[in-house]
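Architecture at a glance
One letter stands for each residue in the lines below.
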Amino acid sequence: MARVMNFNAGPAALPLAALERAQKELLDLGGTGMSVIEHSHRGKAYEAVHNEAIALTRELYGVPDSYDVLLLQGGASQQFAVVPMNLLAQGKSADYVLTGAWSQKAYKEAKTVGTVRVAATTEKDKKFGRIPKQSELELDPGAAYVHITTNNTIFGTQWHDIPETQAPLVADMSSDIMWRPTDVTKFGLIYAGAQKNLGPSGLVLVIVKKELVAEGRKDIPAIFQYRTHSENNSLYNTPPTFSVYILRNVLDGVKKAGGLAQVEKVNREKAKLLYDVIDGRSDLYASPVDKDSRSVMNVVFTLQTPELEAEFLAEAQKRGMAGLKGHRSVGGMRASIYNAVPLEWVQALADFMSGFKK
Ligand code: PMP
């Protein structure tokens, strides 16, 4: 079987070992005679997988006891609404930093819940091609929270320095969670759809300070309260058991491969390979993103004409490379090189890019 070099933006490539383990265990999870997706979520076999996924998240990401790790459904998009429903108390306002389409969506959704402010936006001056500096943020010190999107999947930008804020920092990390070791305590709440760095879609990881969970609003439906899921170890209702199982496989693989420091090292190498070609071949490629804002996860670039871009994609496909077309709203190319994309695939792409004109 030939597996393609998958540069999709999400759902995206998963580690081969995690998939092979699933294949091996699919009919019989640990000698139970049943697949993980046939087990009751209240049974011991699933519970062990569930708790291991949470424990591995805590261990690899250094999540302290003062934070909850929640495994939820509804995608990151649901969190756009659930975050303000829980954390935006009446009479308070929340700050949003707009760095792309996803942060705009988060902002719009929050607006339906309560009062929100734009603390900064990079839409007009650089078409979201950069991350604002700390000095550009007009923060309200009394805000309920400050929301950022740490990696902008569509525009290919990423916050490399986490901003200082007085209010709790809430981060959509859907496209760069666990790309490197992170000081979780700098954040009040982190959320991430799993389908890029962590596993399949249908699962959202939320890491939230227990204090914020306790202070959260109680006048919203129980299913949307973080409190409900915190009190029930994310087993209030049926969790997406297969997605949690794959998350467990992925994180177990990360641990065995040396943890997040090793993941960061390889991720930086991969990104450098591509950006070096883009910068070294300015006769052919251009980057719409400021150098200090470039994403290590989504490398966005353009060629000189739509015809060349079409030819580039067709040639890439012939070489077994998929998913390189940019987002429909911005065009150009995008190579998504999440944690599970091996260095060899990125090397193959860099070689192809270097030789393309010839
Ligand atoms: N935030 C970011 C940064 C994303 O990249 C995406 C999806 N690509 C979303 C939110 C939305 O995620 P979901 O489809 O899980 O709702």
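The model shown is predicted, which means the values in this text are computed figures rather than measured ones.

So, about the site of the ligand. In the region of the ligand, 13 residues are neighbours, and Ser77, Thr153, Asp172, Gln195 and Lys196 sit closest. Residue Ser77 places a side-chain N or O atom 2.6 Å away from an oxygen atom belonging to the ligand. Between Lys196 and the ligand, the recorded distance is 2.8 Å, taken from a side-chain N or O atom to a nitrogen atom. Isolated, the ligand exposes 400 Å² of accessible area, and the fraction of that covered by the protein chains is 84%. Of all the elements, helix H3 (residues 75-87) adds the most residues to the shell around the ligand, at four residues. For the shell around the ligand, the class distribution of residues is three nonpolar, eight polar and two charged.

Further remarks concern the packing of aromatic side chains. Per the counting criterion, the structure on display carries 12 aromatic pairs. With a centroid separation of 6.5 Å and an interplanar angle of 70°, the aromatic rings of Phe7 and Trp345 are classed as edge-to-face. Of this pair, Phe7 sits in the loop between strand E1 (5-6) and helix H1 (16-25) while Trp345 sits in helix H11 (residues 343-355), placing them 338 residues apart in sequence. Residue Phe7 shares its accessibility class with Trp345, and that shared class is buried. Between Phe80 and Tyr191 the ring centres are 6.3 Å apart and the planes differ by 70°, which places this aromatic pair in the edge-to-face class. Residue Phe80 is located in helix H3, and its partner Tyr191 is located in strand E9 (residues 189-193); the two are separated by 111 residues in the primary sequence. Comparing Phe80 with Tyr191 shows no difference in burial state: the two are buried.

What follows concerns the sheet that holds strand E10 (residues 204-209). Here seven strands make up an open sheet; going across it, the order is E2-E10-E9-E8-E5-E3-E4 and the pairing mixed. For this open sheet the edge positions go to strand E2 (67-72) and strand E4 (115-121), each flanked by a neighbour on one side alone. Geometrically, the sheet is characterised by an average inter-axis angle of 20° between neighbouring strands, direction not taken into account. Sheet topology note: the strand E5 (residues 146-149)/strand E8 (residues 169-172) ladder contains four bridges and is parallel. Note on E8: the bridge partner recorded for Ile148 is Ala171. Across the face of the sheet, helix H2 (residues 44-61) comes into contact with E2 and E10 while running at roughly 135° to E2. Across the sheet, helix H4 (residues 101-111) lies against strand E3 (93-98), E4, E5, E8 and E9, angled at about 160° from E3, the strand it touches most.

Now for the pairing of E8. Along E8, one buried face is formed by Leu169 and Ala171 and the opposite face, lined by Val170 and Asp172, is buried too. In the sheet, E8 pairs with E9 via three bridges, with the strands oriented parallel. When the sheet's bridge partners are listed, Asp172 is paired in E9 with Tyr191.

With that settled, consider the domain arrangement of the chain. Domain annotation of the chain identifies domain 1 (17-256) and domain 2 (260-355). Opposite the 25 residues of domain 1 that make contact, domain 2 presents 24 residues. Summed over both sides, the interface of domain 1 with domain 2 buries roughly 2000 Å², with 54% coming from carbon and sulfur. Ranking the residues of domain 1 by area buried against domain 2 places Ile154, Gly156 and Trp179 at the top, with a combined share of 28%. Inspection of the domain 1/domain 2 interface yields one salt bridge. In this structure, the connection of domain 1 to domain 2 is made through 13 residue pairs in polar contact (both at pLDDT 80 or more). Those elements giving two or more residues to the side of domain 1 that touches domain 2 turn out to be H2 and strand E7 (157-158).

All right, on to helix H10 (residues 306-318) then. Its 13 residues give H10 an end-to-end C-alpha distance of 19 Å, which sits within 8% of 18 Å, the value for a rise of 1.5 Å per residue. Buried within H10 we find Glu309, Phe312 and Ala316. Relative to the axis of H10, the buried residues are bounded by an arc of 55° and lie together on one face. Of the exposed residues in H10, those oriented more than 90 degrees away from the buried face are Glu307, Gln317 and Lys318. On its buried face, H10 sits against strand E11 (285-286), strand E12 (298-303), strand E13 (321-322), strand E14 (333-336) and H11. The positive-phi residue at the C-terminal boundary of H10 is Gly320, with phi of around 80°.

What follows concerns the sheet that holds E12. Within the open sheet, the three strands sit side by side as E11-E12-E14. Their pairing is antiparallel. Edge positions in the open sheet fall to E11 and E14, since each of these has one partner strand only. As defined by bridge partners, E11 adjoins E12 across two bridges and the pair is classed as antiparallel. Bridging across to E12, Ala286 finds its partner in Thr302. H10 rests against E11, E12 and E14 of the sheet, and its axis sits at about 130° to E12.

Their axes nearest at 9 Å, the elements helix H9 (residues 260-280) and H11 cross at an angle of 5°. If you check the angle between H9 and H11, you find them roughly parallel. In this structure, H9 contributes Val266, Glu269, Lys270, Leu273, Leu274, Val277 and Ile278 to the contact, and H11 contributes Leu343, Val346, Gln347, Leu349, Ala350, Met353 and Ser354.

Quick notes on the rules
- Residues numbered from 1 in each chain as written.
- Predicted model: local features only at pLDDT ≥ 70, side-chain atom pairs only at ≥ 80, totals over all residues.
- Heavy atoms only, no water.
- Near = heavy atom within 4 Å.
- Polar contact = N/O pair within 3.5 Å; in protein donor to acceptor, adjacent residues only side chain to side chain.
- Areas by Shrake-Rupley, 256 points an atom, 1.4 Å probe, with all protein chains shown as cover.
- Helix = DSSP H or I, 4+ residues; strand = E, 2+ residues; numbered from the N terminus.
- Nonpolar A, V, L, I, M, F, W, Y, C, P; charged D, E, K, R; others polar.
- Phe/Tyr/Trp six-rings, centres within 6.5 Å; stacked < 30°, edge-to-face > 60°.
- Buried < 20%, exposed > 50% of the residue type's maximum accessible area, 1.4 Å probe, protein only.
- Pairing = 2+ DSSP bridges.
- Axes fitted to C-alpha atoms, helices over the stretch in contact; angles between N-to-C directions.
- Contact = heavy atoms within 4.5 Å.
- Domains from an automatic or database assignment.
- Buried area = accessible area lost by both parts, 1.4 Å probe.
- Salt bridge = Lys/Arg side-chain N within 4 Å of Asp/Glu carboxyl O.
- Expected span 1.5 Å × (residues − 1).
- Arc of directions from axis to C-beta.
- Parallel < 35°, antiparallel > 145°, perpendicular 65-115°, else oblique.

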